[in-house]
Structures are given as C-alpha cells and as structure tokens.
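Here's the letter readout for the chains.
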Amino acid sequence: MITKIVLTGGPCAGKTTALVHIVEYFSGLGYKVLTVPEAATLFAQSGVDFLTNEKKLFLESERQLLEYQIELEDRMERIANCIDRPVLIVCDRGTMDLRAYLDDNMWQELLSRSGYSVVELRDARYSAVIHMSTAAKGAEEFYTLGNNTARSESPEQARAIDDKLMNAWTGHPHLRVIGNDCTFEEKMNRVLKEISHVLGVPQPIEVERKYLVDVIEKPIPGGNVCEIRQTYLTPVDGMERRLRMRGENGHNIFFMTMKKRLGEDRSYEYERQIDEKKYYELLSEANPEKRTIRKKRCCFLWKNQYFELDEFVEPRIEHHLLEIEDAESNEDVSFPPFVRVIEDVTGNPTYYNSNIAKIK
C-alpha cells in the first residue's frame, strides 16, 4: 500500500522539522517513509532565476519545474512499488504550489502547454495536503529564513505567499491547515495526527463540527466548487463502505472508503483512490436501502480555517450544511459573514450523510 501526501506552506512554517518528525514517527509504526525534495529549491540552487522579468524564460522554467516535480514523484512511486511493506511518500511541496507564483493567464498557459487539468494536478495525485502556516502569521518572533538560503521573503511577502498557497490547494478533498494558534510542539503533533488519519491508523474520533446554514452571499469569495456523487455499498464485516465520485468541469476522481467504530471514542477509517472502471464495478454492490447522494460542495478558507459547504441536490434538504474539522466548540470557529448559522447539528444523526441517504 502506497500513500502519497504533500507538505506545504509559506516560508518558515516548520516543514523541515516536521519532515524529521514524520520519518521518525511513521518508521516506528512499520512504514517505509520516502521523501521527495522541494524541486523549486533544487532549481534555484542550480542557478534558475525565478525572479526574471523575461516572460518566456519564466514560463519555461515553471513548465520544466512542474514536469520535474511530477517525474520525481513518479520515480519515487516506482521504487515504492518494490517495497514489501506499507509506504508513505511525503512530498516537500507539490504540483499546485506553482500556482501561487503565476497570474491567471500564465497559469492557464502552463496548463495548456503541459496538458494537465487542475483536478489531475491537485486532487488525483495526493491522498492529503498538509498546509503549515508560515510563522509570519501569528508567530512572528520565530520568523527566520536562516535555514533556507534560497528564500528572501519579508514577513509581509511570506504571509501573501502563504495565502496564495492555501488558495491554490483549496478544493482538495483532504486539505488540512495547521496554524500557529498553539505551541510549536503541538503544531508538529497536529501534523502527525492528520497523517495518521489519512493512513487509517486507529485514533480518537475527529472533532468535526457541522452546522445548518443559509448562504446570504454568492458566489463564495475564493470558493472552489465541485460536484460529489456518494453511494453507500452493502456493509462487509461490520464495516461501512461508500463510493465517491468527485469532479470539476468534466474531470473526475473516484474514492472507496471503509469505516468501522472500534469503541466509543475510537474509529478506523481507510480511504483509497480507485480508477473509473473499479468504481462502476463496485456500484453493483450498492446498498438497496440507501439512495445515491448528489451534492455541490464549495470549499473555502476563512481566517485560516478550511470549510466545506454542501448543497444537497438529491435528496434535497432545505438548508446547506457547513463543516469544519478540529474545532472543539463554537468558540473555536470564525464564521464567515456570508453564511447565517441556523443550528449547530454536530453529532445530530439526522444530518449524517449515511442517514440522509436512507430511503424512507
């Protein structure tokens, strides 16, 4: 089993230290941990000038950087395929990091030249994206560039880059933002916790707050909209199984998820990406007591918190559902002004997707 994730974030976010923790912790759990180095730093150290004003040179440098990043990751996966135990591949930045340094026209030109879609570069390549906020956001006294000679950003520039990186990855099914509202040690532990969740390592059930809301302003500022089709399969060995098709502009990716409770406060959840053929094969095992859920999901960031706003198309429900993970209480949530909260439905079984899907 191979799991590939991205570790990203603005300058001086703690990625280098986090990589050391990740290798040590998950190696101790029996995983072979492979790391993909930051390609942009390798290019910069080799003399590539990303600050050039020559558009042709800049765009070609970015195109080669994208192709090099993909090649590095693919070669690491080939190595992983020959390892006879679970493998965790950690990419020090990923394909969508380039988006933060390009204007809209250049980005579209890069996509056109490379032949990739956003869904392919952002959603299909990685199981999760862990964004570590720059220390220039909330921990300014620790902001330094001394550990990376290829960096020269001021705190203001670091904050701007951090925001652009979060926006570039917004829409990924498993984007998690690790801020500086805690100690550095707690920040490292949150990184390990999020990766454990992706790997399906049994752990305390996530605190996921859910609200019934009305949207009072559209479109959502900075929102990324995708369409989701979720189908529940017949359970096997007490495990809930579900399929999910997620896509934008005709480009889709497919997932299979298995979930089982191990006790009152512990659960096991494992999700893997599958191909389109396998997805349609598994649809034959659909649970006849549940209908397929169709919904539009808008992912957006507000004050460094990652929200998912669902509009249910089938079956219809009167209001939207707003979700945010890793929030202990309402006081921990900074609600955006363009939604009106009707009710906190955290833990209310009526609004579990599995119950919404039941044929009444």
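Relevant structure appears above.
Residues numbered from 1 in each chain as written. Predicted model: local features only at pLDDT ≥ 70, side-chain atom pairs only at ≥ 80, totals over all residues. Heavy atoms only, no water.

Engineer: Help me get a handle on the side chain of R93, residues and values and all.
Structural biologist: On the secondary structure map, R93 appears in the loop between strand 3 (87-92) and helix 4 (104-114). We classify R93 as buried; its relative accessible area is 7%. For R93, the side chain forms a polar contact with the side chain of E38, separated by 3.0 Å. (Helix = DSSP H or I, 4+ residues; strand = E, 2+ residues; numbered from the N terminus. Buried < 20%, exposed > 50% of the residue type's maximum accessible area, 1.4 Å probe, protein only. Polar contact = N/O pair within 3.5 Å; in protein donor to acceptor, adjacent residues only side chain to side chain.)

Engineer: Outline the environment of K360, listing residues and values.
Structural biologist: Mapped onto the fold, K360 is located in the segment after helix 9 (353-356). Owing to a relative accessible area of 92%, K360 belongs among the exposed residues under this scheme. For the pair K360 and E289, spaced 71 residues apart in sequence, the C-alpha to C-alpha distance is 8.6 Å.

Engineer: Give a description of the packing of helix 3 (residues 55-80) against helix 4 that names residues and reports values.
Structural biologist: For the pair helix 3 and helix 4, the least separation of the axes is 10 Å and the interaxial angle reads 55°. When the axis of helix 3 is compared with that of helix 4, the two are oblique. Helix 4 is crossed by helix 3, and the crossing has right-handed handedness. The residues of helix 4 that touch helix 3, namely those facing K55, F58, L59, E60, E62, R63 and L66, are M106, E109, L110, R113 and S114. Here the contact of helix 3 with helix 4 is composed, by residue class, of 5 nonpolar, 1 polar and 6 charged. (Axes fitted to C-alpha atoms, helices over the stretch in contact; angles between N-to-C directions. Parallel < 35°, antiparallel > 145°, perpendicular 65-115°, else oblique. Left-handed = near helix turned anticlockwise from the far one by under 90°. Contact = heavy atoms within 4.5 Å. Nonpolar A, V, L, I, M, F, W, Y, C, P; charged D, E, K, R; others polar.)

Engineer: Which residues make up the nonpolar core, and what are the values?
Structural biologist: A general trend in soluble globular proteins is that nonpolar side chains are found buried together. If you look at the biggest cluster of nonpolar residues, it comprises 33 residues, and the most contacted ones within it are I89, W107, L110, L121 and W169. Those elements that place two or more of their residues in this core are strand 2 (32-36), helix 2 (39-45), helix 3, strand 3, helix 4, helix 6 (155-169), strand 5 (175-178) and strand 12 (293-302). In terms of residues, this core owes the most to one element, helix 3, which gives 7 residues. Ignoring sequence-local partners within four residues, the contact set of L121 consists of L66, I70, T95, M96, W107, L111, Y116, Y126 and W169. L19, L88, M132 and L199 belong to the second-largest nonpolar core, a separate cluster that totals 21 residues. (Core = buried A, V, L, I, M, F, W, Y, C linked by side-chain atoms within 4.5 Å.)

Engineer: Tell me what's going on with the environment of E314, and back it up with residues and numbers.
Structural biologist: Mapped onto the elements, E314 comes out in strand 13 (residues 305-314). Exposure remark for E314: the relative accessible area of 33% places this residue in the partly exposed category. Sequence-distant contacts of E314, defined by excluding residues within four places in its chain, comprise R291, T292, I293 and R294.

Engineer: A description of the packing of helix 1 (residues 15-28) against helix 7 (residues 184-199) should follow, citing residues and the corresponding values.
Structural biologist: Remark: helix 1 packs on helix 7, axes separated minimally by 10 Å, with the N-to-C direction vectors making an angle of 50°. The orientation of helix 1 with respect to helix 7, classified from their angle, is oblique. The handedness of the crossing between helix 1 and helix 7 is right-handed. Only F184, M188, V191, L192, I195, S196 and L199 of helix 7 make contact with helix 1, whose side of the interface consists of T17, A18, H21, I22, Y25 and F26. Taken together, the residues of the contact of helix 1 with helix 7 sort by class into 10 nonpolar, 3 polar and no charged.

Engineer: So what about the environment of R99? Which residues, and what values?
Structural biologist: Considering the arrangement of structural elements, one finds R99 in the loop between strand 3 and helix 4. A C-alpha to C-alpha distance of 14 Å links R99 and S112, two positions 13 residues apart in sequence. Here R99 is in contact with D104, W107 and A168, once residues within four sequence places are set aside. Within the structure, R99 has its side chain in polar contact with the backbone oxygen of L102 (distance 2.8 Å). Polar contacts involving the side chain of R99 include one to the side chain of D104, which spans 2.5 Å.

Engineer: Lay out the sheet that holds strand 4 (residues 128-132) with the relevant residues and their values.
Structural biologist: The parallel open sheet is built from 5 strands, whose spatial order is 2-3-1-4-5. The outermost strands of the open sheet, each flanked by one partner alone, are strand 2 and strand 5. Pairs of neighbouring strands in the sheet enclose a mean axial angle of 20°, with direction left out of account. In this sheet, strand 4 lies alongside strand 1 (residues 2-8) in parallel orientation, the contact comprising 4 bridges. Looking across to strand 4, one finds that I5 is bridged to A128. Against the sheet, helix 6 touches strand 1, strand 4 and strand 5, its axis set at about 165° to strand 4. (Pairing = 2+ DSSP bridges.)

Engineer: So what's going on with helix 4? Residues and values would help.
Structural biologist: Looking at helix 4, one finds that the buried residues are M106, W107, L110, L111 and S114. Down the axis of helix 4, the smallest arc covering the buried residues is 140°, so these residues share one side. Along helix 4, exposed side chains directed more than 90 degrees from the buried face belong to D104, N105 and S112. Structurally, the start of helix 4 carries an N-cap: the backbone nitrogen of N105 is 3.2 Å from a side-chain oxygen of D103. (Arc of directions from axis to C-beta.)

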